[in-house]
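Secondary and tertiary structure notes
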Amino acid sequence: MAPRNTDRREDYINTLVPVLDKIRTCTQLSLPYGAKAEVEWQYFEEIHELQVELMETQAKAAAKYGKQRAGSASAVAPRSALPLGERLSKFKKWLVANGVSKDAPVEFKANLHEGVGAVATRDVAKDEEVLRIPRSLVMSTMSAQRSPRIRDFLTADRQVNGLPAAVILVVHLLEHKFDPTSFYKPYLDVLPDAFALPYFFDPEDLAELKGSSVLREVYVQLCDMLRTYALIFDAVEKSKIVSIWNFTWVEWRWAMAVVHTRQNVIPAYTKAEADEWVAAGRQLSSLPRTTTCLIPGWDMINHREGLPITSTNDYDVGDHVFLAPEPVRRGHQVYMGYTDNRPNRHRLMRSAFLAPKPVPADYLQVPFSFPKVKDAQRRKHLALTKFKLQEPFPLDLRAPIADNYDNVIGTLAAAFGTAEDLKRIEQLPSLVQDQTLYPTLQKNQKAMAEAYTAGELECRAKIANYIKMQAMVYLTRNEEDAETYRAQLDELVAAGTASAVDPVKAQMRINVLQFRLFELETAKTLLAHAEEEAQS
């Protein structure tokens, strides 16, 4: 007779099978481009209900079969019982014990405006080295490959072949989270429990995103996360890389959020490692060029808009080095620049904070289909063979129009171009599905943007008028809500997130309202530029 604990484990898994099958089926349904706001919202509500069903099913099954965890079903597993300040002190000692200089002029503090951050222990000069994180401290897809448990996981089920690097890193993170002897335990003990990211919240918390151009991305992100969780569930169960009792949707979502908000990409190997590889008669081309990773310590330093990026990777030894981008007085927080031009929609989805105002990279995403004209097939063929686009697809419209170096100008020229414009497009090299595809695509896009700027496209006014119309449509549908958004935002900001019952939810509400106002500003800027271009 099988041991009773084995029976309970099987009962637990069998209870989850119907909802996992439901996820596998439902996440195959794609949200069509150009769907009405009500339809997009319905899709989002349904996929949200699916994650709630999964959480509730797991919580009830765990309680029934004897593995109920302390706390609510929506809370991640507790880690260290020590106060956060003490955990941060232990974390700093762990860094120093493993190669970070004991003279590094920062200490990690809680209860800052951003939560946890780095505070200068003395005056720091501009361009002074603040942190040098040895490669041995980095958790990456390369360190994952050295884990026997990860190898077992990747060979446990053929469905996990070809998983994205970020997903492997998420599994690697969970592998260590539930290992009490993990080398990374001091780091894991100081990671946040909650994140101001859309997939942590109910539809009512995100209600203002209805009608926005980002709602589709929120749906797709949650859909992809659920699909991947269901996809790898069997491999986790077979390989036992994480106890099936611990491999819950709540924990998966937490680990995804850690990677979304903290991941970096660095060279996959050092110069010494490359030399050893070549000396052994192997080809460097067989190695990945980069590795997706988490960099303990470095990722505790908060971003401030306008600061330059001053982090580099030392190729010789593999250390990740951060230099102060500005002078910092003792006792003041040390900031870095994460990015110089990341769109606010990307920050909403993956950073949990927005810029203080719209940035040049912000864009208005609109669905596009070719007009119904006699030579529509020819125009569609040009868009596909020269710009890799097949309708329906989104266009990312930004101002000024000439800065749209992606698919915008080429696509609109194919759609609205005169006979001479179409001849110009036909003369561009066609895309081939090999290593030349993306360099050729970039050349084609740049060529069309340059032709637009130089006034060489006869359809220049039509392109500007199309963009003008899209901005006007967006504003007509959404501008009347601006004052309501602004009033709600002002109230939340005045109250402050620290005093809120749920500070993370308050920050999410701020992010949502800010994004809607930023998107309206982007549409207004786009409209002004398009009107000017149409008249020139």
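These numbers come from a predicted model, not from an experiment. Along each chain, residues carry numbers from 1 onward, in the same order as the chain's sequence is written. pLDDT decides what is reported in this predicted model: residues at 70 or higher carry local features, side-chain atom pairs at 80 or more are listed and counted, and totals for whole chains, interfaces and linings draw on all residues regardless. Excluding hydrogens and water, the side-chain values take into account all heavy atoms of the structure.

This part takes up the overall build of the chain. Secondary structure elements follow DSSP: runs of H or I of four or more residues count as helices, runs of E of two or more count as strands, with numbering from the N terminus. The helix and strand inventory of the chain stands at 18 helices and twelve strands. A principal-axis box enclosing the C-alpha atoms of the chain has dimensions of 75 × 65 × 60 Å. In the chain, which comprises 536 residues, the share counted as buried stands at 50%. For the chain, restricting intrachain contacts to residue pairs at least 6 apart in sequence, the fraction spanning at least 24 positions comes to 76%. Surface accessibility of the chain: about 25900 Å² in total, with carbon and sulfur atoms responsible for 51%. The chain carries 66 positive and 69 negative side-chain charges, and their two centres are separated by 3 Å. Type-normalised accessible area, obtained with a 1.4 Å probe on protein chains alone, sets the label of each residue: buried when under 20%, exposed when over 50%, and partly exposed for intermediate values. By the convention used here, residues are in contact when the closest approach between their heavy atoms is within 4.5 Å. Note that accessible areas follow from Shrake-Rupley with a 1.4 Å probe, and for residues the cover is restricted to the protein chains shown. The charge count includes Lys and Arg as positive and Asp and Glu as negative, but it does not include His or the ends of the chains. Here the site of a charge means atom NZ of a Lys, CZ of an Arg, CG of an Asp or CD of a Glu.

A few words on the sheet that holds strand β7 (residues 302-303). Strands sit in the order β1-β2-β10-β7 across an open sheet of four strands; the sheet is mixed. Each edge of the open sheet is held by one strand with a lone partner, namely β1 (106-112) and β7. Think of it this way: DSSP has to see at least two bridges between two strands before they count as a pair. Examined bridge by bridge, β7 and strand β10 (residues 333-336) share two bridges and lie parallel to one another. Its bridge partner being in β10, Asn-302 is matched across the sheet by Tyr-335.

Here we come to the confidence of the model for the chain. pLDDT gives the predictor's per-residue confidence on a scale running from 0 to 100. Chain-level statistics for the chain give a pLDDT mean of 91 and a share of 96% at 70 or above. Contacts of residues 69-74 to residues separated by more than four positions or lying in other chains number eleven contacts, the stretch itself having pLDDT below 50.

This part covers the pairing of strand β2 (residues 115-120). Burial of β2 is extensive: five of the six residues sit out of reach of the surface. In this antiparallel pair of consecutive strands, β1 and β2, the connection spans two residues. With two bridges connecting them, β2 and β10 associate as antiparallel partners. Its bridge partner being in β10, Val-119 is matched across the sheet by Gln-333.

For patch building, the residue pool is restricted to those with more than 30% relative accessible area and no salt bridge; the joining distance is 9 Å between like charges and 5 Å between nonpolar side chains (Val, Leu, Ile, Met, Phe, Trp, Tyr). What counts as a salt bridge is simple: a side-chain nitrogen of Lys or Arg found within 4 Å of a carboxyl oxygen of Asp or Glu. There is a patch of like negative charges on the surface, built from Glu-45, Glu-46, Glu-49, Asp-202 and Glu-204. Mapped onto the elements, Glu-45 comes out in helix α2 (residues 37-64). Residue classification places Glu-45 among the partly exposed residues on the basis of a relative accessible area of 31%.

Further remarks concern unusual backbone geometry. Here the bond from Ala-399 into Pro-400 is cis, since omega is -5°, no more than 30 degrees from zero. Mapped onto the secondary structure, Pro-400 falls in the loop between β12 (393-397) and α13 (408-416). One non-glycine residue, Lys-240, adopts positive backbone phi at about 60°. Mapped onto the fold, Lys-240 is located in the loop between α8 (215-239) and α9 (249-262). Taking the relative accessible area as the measure of exposure, Lys-240 reaches 53% and is therefore exposed. Here Lys-388, not a glycine, exhibits a phi torsion of approximately 60°, which is positive. By the element assignment, Lys-388 lies in the loop between α12 (376-387) and β12. Of the residues examined, Lys-388 reaches a relative accessible area of 37% and is grouped as partly exposed.

Moving on: the sheet that holds strand β9 (residues 320-323). Ordered in space as β3-β9-β8, the three strands form an open sheet in which the pairing is antiparallel. On the outer flanks of this sheet lie β3 (129-133) and β8 (311-313), each paired with one strand and no other. Strand-to-strand, the axes of this sheet are offset by a mean angle of 20°, without reference to chain direction. With three bridges joining them, β8 and β9 adopt antiparallel strand pairing. Between the N-to-C directions of two axes lies an angle of 0 to 180 degrees, each axis being a line fitted to C-alpha atoms and, for a helix, fitted only over the stretch in contact.

Right, let's get into the pattern of salt bridges. Counting across every chain of the model gives 34 salt bridges. In this structure, Arg-227 engages Asp-224 in a salt bridge whose closest nitrogen and oxygen atoms are separated by 2.5 Å. Of this pair, Arg-227 and Asp-224 are both found in helix α8, three residues apart, which corresponds to roughly one turn of the helix. The class of Arg-227 is partly exposed, set by a relative accessible area of 32%. Put simply, Asp-275 and Lys-271 hold a salt bridge, and the shortest N to O gap is 3.1 Å.

Taking burial as the measure, the five residues of β12 include five buried ones, the bulk of the element. Burial of the side chains of β12 extends over both faces: Phe-393, Leu-395 and Leu-397 are buried on one face and Pro-394 and Asp-396 on the other. Pairing of strand β11 (residues 364-368) with β12, which is carried by five bridges, proceeds in the antiparallel orientation. Within the sheet, the bridge partner assigned to Val-366 lies in β12 and is Leu-395.

Next up on the list: α8. A helix's residues, less one, multiplied by 1.5 Å, set its expected span. Between the first and last C-alpha of α8 there are 36 Å, a value that for 25 residues agrees with the 36 Å anticipated at 1.5 Å per step. A bend of about 40° at Ile-232 is the largest found in α8. A large share of α8 lies buried, amounting to 18 of its 25 residues. One axis fitted to the seven residues ending at a residue, another fitted to the seven starting there: the angle between these axes is the bend at that residue.

Each pair of aromatic rings is reported with the distance of its centres and the angle of its planes. Stacked, edge-to-face and tilted are the three classes for Phe, Tyr and Trp ring pairs, Trp counted by its six-membered ring, which pair at centre distances within 6.5 Å; planes under 30 degrees apart are stacked, over 60 edge-to-face, the rest tilted. Going through the model one piece at a time under the given rule, you end up with 21 aromatic pairs. One aromatic cluster is present, formed by Phe-91, Trp-94, Phe-108, Phe-183, Tyr-184 and Tyr-187 through successive ring pairs. The residue whose ring lies beneath Lys-177 is Trp-254, and the NZ or CZ to ring-centre distance is 3.8 Å. Only when the NZ of Lys or the CZ of Arg is both within 6 Å of the ring centre and within 35 degrees of the ring normal is a charge said to sit over the ring.

Attention now moves to α9. Between the first and last C-alpha of α9 there are 20 Å, a value that for 14 residues agrees with the 20 Å anticipated at 1.5 Å per step. Of all 14 residues making up α9, 13 are buried, and the element is well covered by its neighbours.

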